[in-house]
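Chains, contacts and geometry: an overview
Take a look at the letters that make up each chain.
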Amino acid sequence: MKFNDSFQIGNFTISDDSPVFIIAEAGVNHNGDIELAKQLIDVALEAGADAVKFQSFITEELILDNVEKATYQKETTERTETQFNMLKKLEFAVDNMKLLKAYCDSKGILFLTTPFDEKSLELLDEIDLQAYKISSTDTTNIGFIRKVAKKGKPVIISTGMCYMDEVEKAIKAIAEFNPNVVLLQCTSNYPVKANEVHLNVIRTFKNKFNMVVGFSDHTPSIGASPYAVAIGAKVVEKHFTLDKEMEGPDHRASLDPTELAAYISEIRTVESYLGNGEKIPTESEKNTRNRLQKCLVAAVSIKKGDIFNDANIVAKRTGGKGISALEYDTVINQVATKDYCKNEIIISE
């Protein structure tokens, strides 16, 4: 499998050398209300997210009508309600997605949505998405994955609930048709416990598949994303909401607007800390370097014709004047061409 190490999602470059691409995951936290969805877009934009992402599904195409809710869904919504009935209330038709994309375009933030069924995937052709997200729930859905890959747009795929061999089959299916892929480590609990995050899988993915990697973050508060960035994640996503107390399955495990802004700020700070990997003195160090690094001076009086040795030269701070102490080995055993007083700076012979 061969994946591109640099590609575009809209105006954003996705690569190991580019800034982290931050997706604010609105998901279904609009509660089926288009105005709430627009407010979520405004919050994502204000917080500094690169993209805001929703979820596209037709409930009848996604799930049988008698499937129980997941445990976390029972804890955050009516326990006796089926997944079907819960999702039906949160379903957004493609016309709503068109409105939201137009709103994002007018505001200058990238619109994304995750298709959860094949019919929704085809309907989204009307929107001309800049990339497709494959949810963890479809990482083992090989037929669907191939159809997404054939759209020819970059693919971001989460890997919650999966074994490594399943991940490998999934990205192999994408690679048949599409080399522009981001592989996200994910744990599908809401929220996830610290000992189940497994950030080192990001390194494992990078080493095993040599592709752009990232992190879908379900940890509480700012959580694990800044640490994921520090070990190589170049795409991160995190759920957010207008209010954690709102009714719905994902609000409690989401960031509120203040937390989202802090989350993005922390990631950008981590990027600043990481730098570009090139080891050179920074601009602010250059003056400090002259004041603190050492050069060679006479340890005692030296006569013209004496041999420089361990006993008669020493390194001291000189304000950057003279021969760097790094060149000690090139000076030792050379003949002095002039007299030196104690502490006089040695000059090039």
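The structure contained in this document is the topic of the report that follows. (Residues numbered from 1 in each chain as written. Predicted model: local features only at pLDDT ≥ 70, side-chain atom pairs only at ≥ 80, totals over all residues. Heavy atoms only, no water.)

**As for the packing of aromatic side chains**
Under the defined criterion, the tally for this structure stands at six aromatic pairs. Ring geometry for Y72 against Y190: centres 4.4 Å apart, planes inclined by 35 degrees, an arrangement best described as tilted. With a gap of 118 residues between them, Y72 in helix α3 (residues 71–76) and Y190 in the loop between β8 (181–186) and α9 (200–209) connect regions that are remote in the sequence. Judged by its relative accessible area of 22%, Y190 is partly exposed. A cation over an aromatic ring shows up here: K338 above the ring of Y340, its NZ or CZ 4.3 Å from the ring centre. (Phe/Tyr/Trp six-rings, centres within 6.5 Å; stacked < 30°, edge-to-face > 60°. Helix = DSSP H or I, 4+ residues; strand = E, 2+ residues; numbered from the N terminus. Buried < 20%, exposed > 50% of the residue type's maximum accessible area, 1.4 Å probe, protein only. Lys NZ or Arg CZ within 6 Å of the ring centre and 35° of its normal.)

**With respect to the pattern of salt bridges**
Side chains that carry opposite charge are capable of pairing whenever their charged atoms lie near each other. Applying the stated rule across the entire model yields 25 salt bridges. Between K88 and E60 there is a salt bridge whose closest N-O contact spans 3.0 Å. Of this pair, K88 sits in helix α4 (residues 83–90) while E60 sits in helix α2 (residues 59–62), and the two are 28 residues apart along the sequence. A residue is classified by how much of its surface remains accessible, and K88, at 34% relative accessible area, is partly exposed. Across the pair D217 and K238 runs a salt bridge whose closest N-O atoms are separated by 3.2 Å. Highlighted residues: D217 in strand β9 (residues 212–217) and K238 in strand β10 (residues 235–239), separated in sequence by 21 residues. Given the relative accessible area of 1%, D217 is considered buried. In this structure, a network of salt bridges that share partners links the residues E25, K53, K133 and E237. (Salt bridge = Lys/Arg side-chain N within 4 Å of Asp/Glu carboxyl O.)

In short, geometric facts, not functional conclusions.
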